[in-house]
Amino acid sequence: MNNLKLLLILFCTQIVFAQRAEQPDQTYNLGASINEMTLTVGGVLVVATNDGLVGINPETNSPVFTFNNFGKLTPEETLFVEDSPYIIVSQGANSKLAGISKTKRAVINYVSGKVIFNSEDDNWNQIYTCNIILPDNKLIVSGIQKTGTKAEKMTPKVAVYNLSNQQLDFSFFLDKPGRVGVAKDFSVTGVPLLLKDFLIIPTAQGLIAKSHSGQDLWTTKIKGINWMVSDKTEKEIYGFETTVNGKNTRIHKIGADGKALWQDDRKVKGIVSNFEILPQGIAVVSNKSDGGDKSVFSQKNESEIAFLSASTGEDLWEKAPKTKGYVQHFYVQEDGILFGIQQGGINKISFNGETLFKKPLKTGENIMVMANSPQGLIYITSEDANIVNLKTGDQVWDKPLKYKNSLSVASTFDSANNRYLIAADGTIFSIDANSGDAQEFSKVKFEEKEEPNEMEIRNGNIYLASSQNMMVLYKDGNQVYHQYYKSPSKSGFMKVLSGVVAVASTAMTMAHSYQAGLNKTRYGSANNLDNYNDFGKENKRAADMFASIADQSFKIMSQRFKATAATENSQFILTKLDDGVGLVKVNKDTGKVDKEIVLKDKKPEYHVDEIAGVLFYKANKDTIYAYKL
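As the structure is a prediction and not an experimental result, all values here were calculated from the model. (Residues numbered from 1 in each chain as written. Predicted model: local features only at pLDDT ≥ 70, side-chain atom pairs only at ≥ 80, totals over all residues. Heavy atoms only, no water.)

1. Structural notes on the packing of aromatic side chains
Counting across every chain of the model gives 17 aromatic pairs. Ring centres of Tyr625 and Tyr627 lie 6.3 Å apart, and the angle between their planes is 80 degrees; this geometry places the pair in the edge-to-face category. With a relative accessible area of 25%, Tyr625 lands in the partly exposed category. Look at Tyr627 and you get buried, because its relative accessible area is 2%. (Phe/Tyr/Trp six-rings, centres within 6.5 Å; stacked < 30°, edge-to-face > 60°. Buried < 20%, exposed > 50% of the residue type's maximum accessible area, 1.4 Å probe, protein only.)

Encoded structure:
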């Protein structure tokens, strides 16, 4: 009998150890102190050390790249180009002597591990601007290049590089080398606009247009442009200039020949945050700010919405809609413009400027969700929820569902039972999709005073989760399980929270974009109300967008987003284990721990790639461990 007990103890012990990973799958000794870690959208961990940058791909035994050319880099000197495999690194750009002393730039492809541009290799003494243009996959730089004659070595220049083959496409001078006369400032003031047939460079002297071979086309006297867009034909171009006080914006319109298409520029109050070229006209959203000025003459902190004539720039609306806050949601529909205000309120305006809703809809603050549903537009704020008839603005439910103001509200649509489920302030509410009747469905009490921030239907049951809690309920509200994993000490937990947030801002934003408060997606159209209750759509958009760019690194990123995310069936939680702080991988359906990794650190610094299922852990001052979860 005693022998049997001993065998059982040994057997159980083996099972426990089979679930625990003490040894990492990969170890990377970087040979220099680690300062920062960034998990990229491509799944490569980029580590800033005292020597430079290192890229770690957990599928390889050694770093995918090491860039020590510029030495130690600050976060301000390292720019991760959004939705791309590129990092732009700088040195000297933020110096007070940036216009006099040498400045350096380099572009790294962290997927391939190649340095695809280094200003020193091409004899650039000063780099003023450095912009990556997608989906064209081009790099446009401006500055002083120490090649050619003495005059050429002193004349501002622009060069366009092909990032796929790392070759120079063309280059040109912004001024005539050796020109005699008054010195002129040809500094580049904004982002160049690359079109099919030519390139426009905004400078302090005006706009300069060049062919793709660098030949002169035309110039204008429109100075200080910050950014530009064109219509689909590329025959109508809009330039945006921030006024000297930084509070307002001037919009200019020119043709493909550089000639002005508006008699005068159009000034809008605030900084333009959304610009839509539509068949009926141009929709412009701009954000005003008082800048801390509390006088009665200061601007209000709110958005303005204008609708301009594409032919003249004149305002087509006699009276702009009142916002009384910042526009948080903005959608162009067949019959007009639908918008939601962060401070509360939803309204819809026709292209003629008429209010389509009988009256502006009052809502709670922070509209987390605006999405189509079978009954109309569902909105969920931090205080209330309802469904709205998009034609009239009438509320479908007799009265909105109200709850205590909550920073975290989770929701889903249960199609099998034709009901909406909303979790807020410790209660799950069930709303019948047909009648709108609402009732308290179940109480939820999570430990550490957490509220659910994730909710989905899984195998007919209801799954809820927060940072340290997981719960599954039957369809009748009875509990299947509730698992709680105690957080580490607050100081340690807050330390690693930055890693969790970094993941949320890269990989997982696509699957849960509506939970972030803006129903504006990173991949695809911003005018999309169809994201509610669909966790895979954004990943597909990302995969399709990356696949459309003719470059091998983008193809690899596309395949990454086509794969099943590691978090589809599991949740990763940092918690206190018997042997110290660690990470557990918990099955969403059963609540059982499939794997645990003891980090043996009271204040661990780590990142979890929730798509590939990889834990990157800073084991000591110069070593990174990688675990497959």
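2. Brief notes about the sheet that holds strand E1 (residues 26-29)
Across the sheet, which stays open at both edges, the 4 strands sit in the order E1-E45-E44-E43 with antiparallel pairing between neighbours. The open sheet terminates on both sides in strands that have one partner only, identified here as E1 and strand E43 (606-609). Here the average twist between neighbouring strands, direction ignored, is 20 degrees. Direction of pairing for E1 relative to strand E45 (residues 623-628): antiparallel, over a ladder of 4 bridges. The residue bridging Tyr28 from the neighbouring strand is Ile624, located in E45. (Pairing = 2+ DSSP bridges. Helix = DSSP H or I, 4+ residues; strand = E, 2+ residues; numbered from the N terminus. Axes fitted to C-alpha atoms, helices over the stretch in contact; angles between N-to-C directions.)

3. Overview of the environment of Thr243
With respect to the helices and strands, Thr243 occurs in the loop between strand E19 (236-242) and strand E20 (248-255). Looking at Thr243, the relative accessible area reads 14%, which means it is buried. Remark: the alpha-carbon pair of Thr243 and Lys267, spanning 24 residues in sequence, is separated by 9.1 Å. With residues up to four places along the chain from it excluded, the contact list for Thr243 reads Asn248, Thr249 and Arg250. (Contact = heavy atoms within 4.5 Å.)

4. Let's talk about empty space enclosed by the protein
Inspection of the entire model under this criterion finds 2 cavities of 30 Å³ or more. Considering only enclosed or pocket space, the second largest cavity measures out at about 30 Å³ in volume. Lining the second largest cavity, in full, are Leu207, Ile222, Met228, Ile237, Tyr238, Gly239, His252, Lys253 and Ile254. Among the secondary structure elements, those contributing two or more residues to the lining of the second largest cavity are E19 and E20. (1 Å grid on protein atoms, 1.4 Å probe; cavity = no way out; pocket = protein on both sides within 12 Å on 5 of 7 lines; lining within 4 Å. Points joined across faces, edges and corners; volume = space filled by probe spheres on them.)

5. Quick word on the confidence of the model for the protein
Across the protein, pLDDT averages 85, with 86% of residues at or above 70. Mean pLDDT across the secondary structure elements of the protein bottoms out at helix H2 (residues 490-505), with 35, and peaks at strand E4 (residues 53-56), with 98. Across residues 491-527, where pLDDT falls below 50, the model places 93 contacts with residues more than four positions away in sequence or in other chains. (pLDDT = per-residue confidence, 0-100.)

6. With respect to the pairing of strand E26 (residues 336-341)
Counting buried positions along E26 yields 6 of 6 residues, so the element is predominantly enclosed. Where strand E25 (residues 327-333) and E26 come together, 6 bridges link them in antiparallel fashion. The residue of E26 that forms the bridge with Val327 is Ile341. Between the end of E25 and the start of E26, which pair antiparallel, lie 2 residues. Here E26 pairs with strand E27 (residues 346-349) via 4 bridges, running antiparallel. Its bridge partner being in E27, Ile337 is matched across the sheet by Ile349. Hairpin remark: E26 followed by E27, antiparallel, with 4 residues in the connecting loop; positive phi at Gly344, about 115 degrees.

7. What to know about the side chain of Lys585
Examined against the element boundaries, Lys585 turns out to sit in strand E41 (residues 580-587). No salt bridge is formed by the buried Lys585. Its closest oppositely charged neighbour is Asp594, at 5.4 Å. At 3.5 Å, the side chain of Lys585 and the backbone oxygen of Leu629 are in polar contact. The contact partners of Lys585, leaving out residues within four places of it in the chain, are Ser570, Gln571, Phe572, Lys592, Val593, Asp594, Lys595 and Leu629. (Lys, Arg positive; Asp, Glu negative; His and termini not counted. Salt bridge = Lys/Arg side-chain N within 4 Å of Asp/Glu carboxyl O. Polar contact = N/O pair within 3.5 Å; in protein donor to acceptor, adjacent residues only side chain to side chain.)

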